[in-house]
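# Reading the structure
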Amino acid sequence: MVKLLEGRTALVTGGGQGVGQGIARALAHAGANVAIAQRKVDQGEEEARYLRETHGVDAFFIQTDVTNRAEVEAMVDAAHQRFGRLDILVNNAGGSFPKRLEKHSDEEMEGSFALNYYAVFWAMKAAFPIMKAQGYGRVINLGSLNGVNAHMFTVAYNASKEAMRALTRTAAVEWGPHGITCNVICPSATSPQAQDYFAANPEMTKAILLQVPAGRFGDAEKDIGPVAVFLASEGGGYMSGNTLFADGGAQVNGVAWRPEVED
């Protein structure tokens, strides 16, 4: 059986858990060799081992703090050196915290932008000359419905994710002539952070599920991963600058996002 990504190489940030893990596994299942960038060594090494043993691909771990520019640039270089090319860049690492807008400090806002915007910006800049030389590249960035729908109490996350979405769309315009596509996936899946939110806000979780047409939260590997595989494949070569909502229809009418926060 011919695999969609046979012979392709991918770098996935935050690929050791949650949505990033699901995407990494889907890419490997489609035949891609995968570099897992993760801050936690045990998670990264275990996931790389799993990909090698389960899917028979070349997979390895790069310990990376994506809020450090030098480490991000070294991450891209390590993946390129290992594989000899870099076809697919998945910027998944990110995070948020619930807090009222007026209580956000400058440092908290800057921290969110370092994690959710600058980490992506640095990785894309480092990958660009490689992809340009190849005449082929697929950049897939993970956005959020929180930003698109302006969910309350996550303003730092919302603003940084929306800045990243604008970055992606602009790159799609500028880099398209070089055979590079750039797209955003806004997922709804049960990542560890999402599970923490849901556990802390059970009534909100019930209300959200009532507003999701699919009636459930997504599975990172089965529901989000295939979307990334399509965008990374030859078949996704004419899609660029798009935001794809892999959310069971939740974006149609929005959801009841109101986590508990301190007054």
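Report on the accompanying structure. Residues take numbers from 1 onward in each chain, read along the sequence in its written order. In view of the model being predicted, local features appear only for residues whose pLDDT reaches at least 70, and side-chain atom pairs are presented and counted only at 80 or more, with totals across whole chains, interfaces and linings using the full set of residues. With hydrogens and water set aside, each side-chain value is computed from the structure's full complement of heavy atoms.

## Quick word on the overall build of the protein
- Secondary structure follows DSSP: runs of H or I at least 4 residues long count as helices, runs of E at least 2 residues long count as strands, and numbering of each begins at the N terminus. Tallying secondary structure elements over the protein gives nine helices and seven strands in all.
- Computed over C-alpha atoms, the radius of gyration of the protein comes to 18 Å, within 12% of the 18 Å expected from 2.2 N^0.38 for 263 residues, which places it in the range of a compact globule.
- Considered along the principal axes of its C-alpha atoms, the protein spans approximately 50 × 40 × 35 Å.
- For every residue, the accessible area obtained with a 1.4 Å probe (protein chains only) is divided by the maximum for its type, and the residue is called buried under 20%, exposed over 50%, and partly exposed between those limits. Per-residue burial over the protein gives 53% buried out of 263 residues.
- If you take every contact in the protein between residues at least 6 apart in sequence, the share linking residues at least 24 apart comes to 75%.
- Accessible surface computed for the protein: about 11,800 Å², of which carbon and sulfur atoms make up 51%.
- His is not counted, nor are the chain ends; Lys and Arg add positive charge and Asp and Glu add negative charge. Where a charge sits is defined by one atom per residue type, namely NZ (Lys), CZ (Arg), CG (Asp) or CD (Glu). Taking the average location of the 23 positive side-chain charges in the protein and that of its 29 negative ones, the two points are 4 Å from each other. For a compact globule the rule gives 2.2 Å times the number of residues to the power 0.38, and the radius of gyration it is set against comes from C-alpha atoms. Throughout, a residue-residue contact means that at least one pair of heavy atoms, one from each residue, lies within 4.5 Å. To be clear on the numbers: accessible area is Shrake-Rupley with a 1.4 Å probe, and residue cover counts the displayed protein chains and nothing else.

## A short note on the sheet that holds strand E5 (residues 137–142)
- Should DSSP find at least two bridges between two strands, the strands are regarded as paired. Pairing is parallel in the open sheet, where seven strands are placed in the order E3-E2-E1-E4-E5-E6-E7. Two strands bound the open sheet, and with one partner strand each, they are strand E3 (59–63) and strand E7 (243–246). This sheet shows a mean twist of 20° between the axes of neighbouring strands, independent of strand direction.
- The pairing of strand E2 (residues 33–38) with E3 spans five bridges and is classified as parallel. Its bridge partner lying in E3, Val34 is registered against Ala59.
- For helices, the fitted axis covers only the stretch in contact; all axes are lines through C-alpha atoms, and the angles between them, taken along N-to-C directions, range from 0 to 180 degrees. In the packing of helix H9 (residues 220–232) onto the sheet, the strands contacted are strand E4 (88–91), E5, strand E6 (180–187) and E7, and the crossing angle to E6 comes to about 170°.

## A closer look at the packing of aromatic side chains
- Pairs were defined over the aromatic rings of Phe, Tyr and Trp, the Trp ring being its six-membered one, requiring ring centres within 6.5 Å. Orientation was assigned from the angle between planes: stacked under 30 degrees, edge-to-face over 60, tilted for the rest. Within this structure, the stated rule accounts for seven aromatic pairs.
- Seen from their ring centres, Tyr117 and Phe121 are 6.1 Å apart, and the 10° between their planes marks the pair as stacked. With Tyr117 and Phe121 both in helix H4 (residues 106–134), this residue pair falls four residues apart, about one helical turn.
- Under the relative-accessibility criterion, Phe121 is labelled partly exposed at 26%.
- An aromatic cluster is defined as three or more aromatic residues linked by ring pairs; in this entry it consists of Phe113, Tyr117, Tyr118, Phe121 and Trp122.
- The aromatic ring of Tyr136 is capped on one face by Arg8, whose charged end is 3.6 Å from the ring centroid.
- Only Lys NZ and Arg CZ are tested; either one counts as a charge over a ring when it is within 6 Å of the ring centre and within 35 degrees of the ring normal. The ring of Tyr50 carries the charged tip of Arg25 above its face, separated from the ring centre by 3.8 Å.

## Focus on empty space enclosed by the protein
- Points on a 1 Å grid, built from protein atoms alone, make a cavity when a 1.4 Å probe fits but cannot get out and make a pocket when they are open with protein on both sides within 12 Å along at least 5 of 7 lines; residues with an atom within 4 Å of a point are the lining residues. Grid points are joined across faces, edges and corners, and a volume is the space filled by probe spheres set on the points. In total, this model carries one cavity of 30 Å³ or more according to the counting rule given.
- What the largest cavity holds in volume is close to 50 Å³.
- If you trace the largest cavity, you find it lined by Thr13, Val66, Val72, Met75, Asn91, Asn92, Ala93, Leu115, Ala119, Val120 and Ala123.
- Of all the secondary structure elements, the ones that give two or more residues to the lining of the largest cavity are helix H3 (69–83) and H4.
- Of all the elements, H4 adds the most residues to the lining of the largest cavity, at four residues.
- Under the grouping applied here, Gly and all other residues not named as nonpolar or charged are polar, the nonpolar ones being Ala, Val, Leu, Ile, Met, Phe, Trp, Tyr, Cys and Pro and the charged ones Asp, Glu, Lys and Arg. Grouping the amino acids of the lining of the largest cavity by side-chain chemistry returns eight nonpolar, three polar and no charged.

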